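The primary structure of each chain is shown beneath.
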Amino acid sequence: MSREIINIQAGQAGNQVGERFWKMLLAEHGLDDSGMYVGKDPLQIERAGVYFTPIDSTGPTKYVPRSVQIDLEAGVCNHIRSGPLGGLFRPDTFFTGDSGAGNNWAKGYYTEGAELIDGILDIVRRQSEACDALQGFQIIHSLGGGTGAGLGSLLLSKLREEYPDRMLQTFSILPSPNVSETVVEPYNALLSIHQLIDNCDLTICIDNEALYDIAVRTLKIKTPNFDDLNQLISKVMCGVSTSLRFPGQLNGDLRKLGMNLIPFPRLHFLMPSFAPFYDPKARAFQKMSVPELTSSLFDRRNLLVACDPRFGRYLTAACIFRGKVSSNEAETSVAQLQRKNSNLFVEWIPDNVSVSLCSVPPVGQPQAGIALANSTSMQELFKRNLAQFSVMFKRRAFIHWYTGEGMDLMEFSEAESNTNDLISEYQQYQEASVEDEEEEVEEAENQ
């Protein structure tokens, strides 16, 4: 019996990343583009039920993705329908509007999105009722646009109401520090972060600039396009759920990740990293030992989000090793890394790196590692967005587009103060040490 995950992809970014993710999943499970099994290893198919619904009504079993594709304009979904994966998805899981959100968070959350949300929840309900033991939901969206940010946030709050005891995990593509796709990104992102803080269990943050860096510097792609970047994201996405899909010595599922990574409910924003990334031409000359794999997982150049962990401290981290890795080696190399860089890990959580091992490596690689880190340096991201937001909001630039859809100015101020609180929480835990905690406890007892 597999613990199922329902995948929801919203907006253009969500659907494009999602398409790439499904391609990679098909390869890992030995399925062809129409969902038929063509692999040779029974391990591949044993727990394919995590993301796929096996249907064996006529002839050989067809594996259909347990996924919902949403967009407020039909373009991207039509592209998936007419592309190589067109015959893979169930036709009734595509749900599109006509007018588009036009990069406007308020359209996605209040006007256009609110009209469609019941239909979307019906599709999700149909998918979840067919599950044996639903593990949770994963939502792929970007925070800079209108549909992914606005409708994605609305969907999160509705799912939280309807399935309060299931895990909600999002892969959120945040605005990059220097590369901006749209002018109103700071507004959309901050309004979404405001919702994510309250309605989500795990948010895995990704941004395009860090992905461009990896593609150009490490993979030596001269002019990377979005397809190259989505490939990198889907490697991490597949890595997070490997323990559910394949057997291993040390399992870790969404709930275990949440339990081990989130020390305080509001601080659930994680930095993903993947190793090894290397130039395809140089591949034949490289062998990765487990200690090298571990140290590159915690290296800034392998992070999929543009922030520098050297300026913060790790609260917790989870390493997922894939391939032939002995448990002893993995544990020792992680412990060694912690000992060497003890100033980067908070000392009031003693063993703060959890390890999972999975014996099936990614397609075409002998071994790989994925790390999700909860570091206080995430505040850089929020500070950057907040600074851009405040400058625009002070002059009330572009606000009429949002208020015209029925939004209140108070919501902007709330989002701003909520993000400010989040930043100061990160700062507080970064500076906390074991000693001052004891003093505080004594003071509290005396009072």
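Provided above is the structure to which this section pertains.
Colleague: Teacher, can you tell me more about the overall build of the chain here?
Modeller: Of regular secondary structure, the chain possesses 16 helices and 12 strands. Here the chain has a C-alpha radius of gyration of 22 Å; the compact-globule value for 447 residues is 22 Å, and the two agree. For the C-alpha atoms alone, the extent of the chain along its principal axes is close to 70 × 60 × 50 Å. For the chain, the proportion of contacts with a sequence separation of at least 24, taken over those separated by at least 6, is 81%. Summing over all exposed atoms, the chain offers an accessible surface of approximately 18600 Å²; the carbon and sulfur share of this is 51%. Side-chain charges of the chain comprise 39 positive and 57 negative groups, with the mean position of each set lying 9 Å from the other.

Colleague: What should I look at first to understand the packing of helix α4 (residues 105–129) against helix α5 (residues 147–162) in this one?
Modeller: Packed helix pairs are characterised by how far apart their axes lie and by the angle those axes make with each other. α5 packs onto α4 with a crossing angle of 45° between their chain directions and a minimal axis gap of 8 Å. Here α4 lies oblique to α5, going by the angle between them. Relative to α5, α4 is oriented so that their crossing is right-handed. Here W105, G108, Y109, G113, A114, I117, I120, L121, V124 and R125 of α4 come into contact with α5, specifically with A149, G150, L151, S153, L154, L155, S157, K158, L159 and E162. Classifying every residue of the contact of α4 with α5 gives 12 nonpolar, 5 polar and 3 charged.

Colleague: Whenever I open this one, a nonpolar patch on the surface confuses me. Can you help?
Modeller: A cluster of nonpolar side chains, V183, F398 and W401, forms an exposed patch at the surface whose accessible area comes to about 330 Å². Inspection of the secondary structure puts V183 in the loop between β7 (167–174) and α6 (185–199). For V183, a relative accessible area of 57% corresponds to the exposed category.

Colleague: Even after reading the chapter, I still don't get the pattern of salt bridges, so can you show me in this structure?
Modeller: Pairs can form between side chains of opposite charge whenever their charged atoms are close. In this structure the tally under the stated criterion is 17 salt bridges. Note that E425 and R266 form a salt bridge whose closest N and O atoms lie 2.7 Å from each other. Of the two residues, E425 is situated in helix α15 (residues 409–431) and R266 in the loop between α10 (254–261) and β9 (269–275); the sequence distance between them amounts to 159 residues.

Colleague: Would you explain helix α11 (residues 290–297) in this entry?
Modeller: Residues separated by three or four positions in an α-helix point in the same direction, a consequence of the helix having 3.6 residues per turn. Among all positions in α11, only V290, L293, T294, S296 and L297 are buried. Relative to the axis of α11, the buried residues are bounded by an arc of 170° and lie together on one face. Its buried side turned inward, α11 meets β9, β10 (314–323), α12 (327–340) and β12 (367–375).

The rules behind the values
- Residues numbered from 1 in each chain as written.
- Predicted model: local features only at pLDDT ≥ 70, side-chain atom pairs only at ≥ 80, totals over all residues.
- Heavy atoms only, no water.
- Helix = DSSP H or I, 4+ residues; strand = E, 2+ residues; numbered from the N terminus.
- Rg over C-alpha atoms; globule rule 2.2 N^0.38 Å.
- Contact = heavy atoms within 4.5 Å.
- Areas by Shrake-Rupley, 256 points an atom, 1.4 Å probe, with all protein chains shown as cover.
- Lys, Arg positive; Asp, Glu negative; His and termini not counted.
- Charge placed at Lys NZ, Arg CZ, Asp CG, Glu CD.
- Axes fitted to C-alpha atoms, helices over the stretch in contact; angles between N-to-C directions.
- Parallel < 35°, antiparallel > 145°, perpendicular 65-115°, else oblique.
- Left-handed = near helix turned anticlockwise from the far one by under 90°.
- Nonpolar A, V, L, I, M, F, W, Y, C, P; charged D, E, K, R; others polar.
- Patch = residues over 30% accessible without salt bridge, like charges linked within 9 Å, V, L, I, M, F, W, Y side chains within 5 Å.
- Salt bridge = Lys/Arg side-chain N within 4 Å of Asp/Glu carboxyl O.
- Buried < 20%, exposed > 50% of the residue type's maximum accessible area, 1.4 Å probe, protein only.
- Arc of directions from axis to C-beta.

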